[in-house]
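# Observations on chain architecture
Next come the chains, spelled out residue by residue.
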Amino acid sequence: MAIVDTPLALRCAAEFIGAFLPFFSVGFNVLSGAAVFGGLSLATSLTVLTYALTGLSGANFSPAVTLALCTSKKLGGPGLDFGTSGTYIAVQLLGGLCSGLCFVNVFADSFRLGPGAGFSWVGACLCEFLYSMFFCFVVLNTTAARAYSSEGNQFYGLAIGAMALAASYAAGPVSGGLINPAITIGADLAGAGAGFGKSLIYAVFQLLGAAFSALLFKMVRPLDFDENETPRSRLISEMIGTFALVLTVGLAVLAKTPMAVVAIAGCLVAMVYALGDVSGAHFNPAVTVAVLVSGHDPDMIPKRAGYYIGSQLLSAIIAGWCFCLLHNGNSFVVAPGEGFSLAAAAVAEMFFTGLLAFVVLGVAVAPKTKSFQIFGLAIGFCVVVAGFSVGNVSGAFLNPAVSVGVAASGAGWSSVKTAVRYTTFQLLGGSVAGGLNYLLHSEVSAAGETTKLLGAA
């Protein structure tokens with residue numbers, strides 16, 4: 001995050017507030033019996049405080065984010081120097097501790113750190129590593145990337161809050177989804193009467209995830225590190241985004257949380273904002289087909305579309321194995337909902353995949369209608385609409401990569417066969433969306449040319 005000409009004391013005050021308040025809100029949610037809304041509290045408080053305080057300190061609020069920025073700087077890219085990073089981390093840890101002490105004094109209780117019921121420390125630490133990495137990766141791409149160094153953007157806070165939302169409800173049941181060493185260590189120290197030390201294990205993996213996010217940042221944005229850009233950067237971008245999306249789908253569904261749709265949409269919003277200007281942020285073979293058919297992206301030729309789809313499917317399969325491993329070998333099937341036929345499910349998948357692809361083309365690709373700020377939010381809302389509308393009918397997969405990833409996780413042969421059928425109709429929906437978008441924009445172009453000719457006459 002860009003650091004403006006602000007005295008260090010004011011920057012530290014901003015970091016203290018940003019580390020204190022989100023944790024404070026989550027603590028009240030959990031300890032007052034409203035834990036289901038804890039993820040929403042964390043995400044919304046992070047979003048509003050990020051917008052409120054970025055101009056003062058850069059709004060890191062987390063030792064993991066600060067380490068990611070410091071690592072990026074050490075690798076030759078944008079970021080924070082070592083001295084500022086150390087100061088920020090100390091203040092953030094103090095903010096987390098003070099927050100924990102406040103709600104411990106109110107409730108005479110604190111968090112119990114550790115894996116969720118039925119999960120191992122290995123799985124919990126892996127969750128903290130992965131979602132700390134995703135979170136810091138989104139921060140780096142939306143706030144530190146040189147593409148936004150001059151004019152900036154207005155979506156960075158939404159992206160950051162959206163990824164926190166995904167982490168809370170996807171990783172939460174496994175590890176708590178804390179992803180912030182200031183929260184982890186603060187909670188542990190505040191409740192030290194029950195024993196201290198578990199937070200240090202979590203913090204190590206959260207910080208490792210942060211450091212790794214800087215490496216991924218360099219891989220997708222080599223120009224920011226004064227290195228040559230190659231087509232490989234786009235494919236890596238598609239793999240990262242697809243992996244995060246499929247992993248979040250799997251973890252959120254297996255957690256059986258009522259916030260699963262919100263978590264999945266949040267992950268998609270965050271990754272679209274993080275990587276939209278790198279690869280187009282398709283993360284979905286049906287979207288890639290729609291972009292190819294629409295003809296709006298001259299770089300999207302059949303060969304490149306094939307590479308995109310191959311990268312998405314490979315990443316989805318790995319993500320499927322990963323969420324199955326994290327849930328002790330459990331998975332779920334690709335199948336119509338109880339009481340619904342395969343035909344009804346296939347039509348639902350075709351229609352809502354087509355809707356998703358059509359919106360992607362309209363808000364992110366087509367020159368006459370694309371948005372430069374709200375595109376990610378519009379795309380995420382498509383997932384919310386579909387999840388609540390046809391989740392009980394087909395599962396609302398909307399993405400061949402998700403269908404294939406879930407089927408590959410070991411859900412059984414019948415799941416593989418249904419995934420193939422779903423994929424067929426999803427690709428059909430993407431093709432129809434691409435064709436319809438092409439026709440609509442051809443008519444717009446033709447009308448524009450006619451207007452120009454009449455004006456000249």
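The text that follows walks through the structure, step by step, so that each part is easy to find.

What counts as what
- Residues numbered from 1 in each chain as written.
- Predicted model: local features only at pLDDT ≥ 70, side-chain atom pairs only at ≥ 80, totals over all residues.
- Heavy atoms only, no water.
- Salt bridge = Lys/Arg side-chain N within 4 Å of Asp/Glu carboxyl O.
- Helix = DSSP H or I, 4+ residues; strand = E, 2+ residues; numbered from the N terminus.
- Buried < 20%, exposed > 50% of the residue type's maximum accessible area, 1.4 Å probe, protein only.
- Contact = heavy atoms within 4.5 Å.
- Polar contact = N/O pair within 3.5 Å; in protein donor to acceptor, adjacent residues only side chain to side chain.
- Axes fitted to C-alpha atoms, helices over the stretch in contact; angles between N-to-C directions.
- Parallel < 35°, antiparallel > 145°, perpendicular 65-115°, else oblique.
- Left-handed = near helix turned anticlockwise from the far one by under 90°.
- Nonpolar A, V, L, I, M, F, W, Y, C, P; charged D, E, K, R; others polar.
- Core = buried A, V, L, I, M, F, W, Y, C linked by side-chain atoms within 4.5 Å.
- Bend = angle between axes of the 7 residues up to and from the residue.

## Observations concerning the pattern of salt bridges
On inspection of all chains with the given rule, the structure shows 4 salt bridges. When the shortest N-O distance is used, the salt bridge between Lys218 and Glu227 registers 3.2 Å. Put simply, Asp299 and Arg234 hold a salt bridge, and the shortest N to O gap is 3.7 Å. Pair noted here: Asp299 is in the loop between helix H12 (285–294) and helix H13 (302–326) and Arg234 is in helix H10 (residues 231–254), with a separation of 65 residues, a long-range link. Overall, Asp299 belongs to the partly exposed group, its relative accessible area being 40%. You can call Arg234 partly exposed: its relative accessible area is 21%.

## A few points about the environment of Asn29
Relative to the assigned elements, Asn29 resides in helix H1 (residues 8–31). Once the C-alpha coordinates of Asn29 and Arg112 are considered, the two residues, 83 residues apart in sequence, prove to be 14 Å apart. Leave out the neighbours within four places in its chain, and Asn29 touches Ala34, Ala35, Phe37, Gly38 and Ser41. A distance of 2.3 Å separates polar atoms of two side chains, one belonging to Asn29 and the other to Ser41.

## Examining the packing of helix H2 (residues 38–57) against helix H6 (residues 156–170)
At a closest axis distance of 8 Å, the pairing of H2 and H6 adopts a crossing angle of 160°. Classified by the interaxial angle, the pair formed by H2 and H6 is roughly antiparallel. Handedness of the H2/H6 crossing: right-handed. Across from Gly38, Gly39, Leu40, Leu42, Ala43, Leu46, Thr47, Thr50, Tyr51 and Thr54 in H2, the residues of H6 making contact are Tyr156, Gly157, Leu158, Ile160, Gly161, Ala164, Leu165, Ser168 and Tyr169. Among the residues forming the contact of H2 with H6, the class breakdown is 11 nonpolar, 8 polar and no charged.

## Things to note about unusual backbone geometry
One non-glycine residue, Ala59, lies in positive phi territory at about 55°. Along the polypeptide, Ala59 turns up in the loop between H2 and helix H3 (63–74). Of the residues examined, Ala59 reaches a relative accessible area of 3% and is grouped as buried. Positive phi values are uncommon outside glycine, yet Ile179 reaches one of about 50°. Within the element layout of this structure, Ile179 appears in the loop between helix H7 (172–175) and helix H8 (181–190). Note on Ile179: relative accessible area 5%, which makes it buried.

## Regarding the nonpolar core
Counting 132 residues, the largest nonpolar core has Leu130, Tyr131, Phe134, Phe135, Met163, Leu247 and Met271 as the members making the most contacts within it. Examining the composition of this core, we find that 15 residues originate from one element, helix H5 (residues 121–144), more than from any other. Those residues within four positions of Tyr131 in sequence are excluded, and the remaining contacts are Ala166, Ala167, Ala170, Ala171, Ile179, Ala244, Leu247, Thr248 and Leu251.

## Digging into H2
Residues separated by three or four positions in an α-helix point in the same direction, a consequence of the helix having 3.6 residues per turn. Within H2, the axis deviates most sharply at Tyr51, by approximately 40°. Where H2 terminates, the next one or two residues include Gly58, which has phi positive at roughly 95°.

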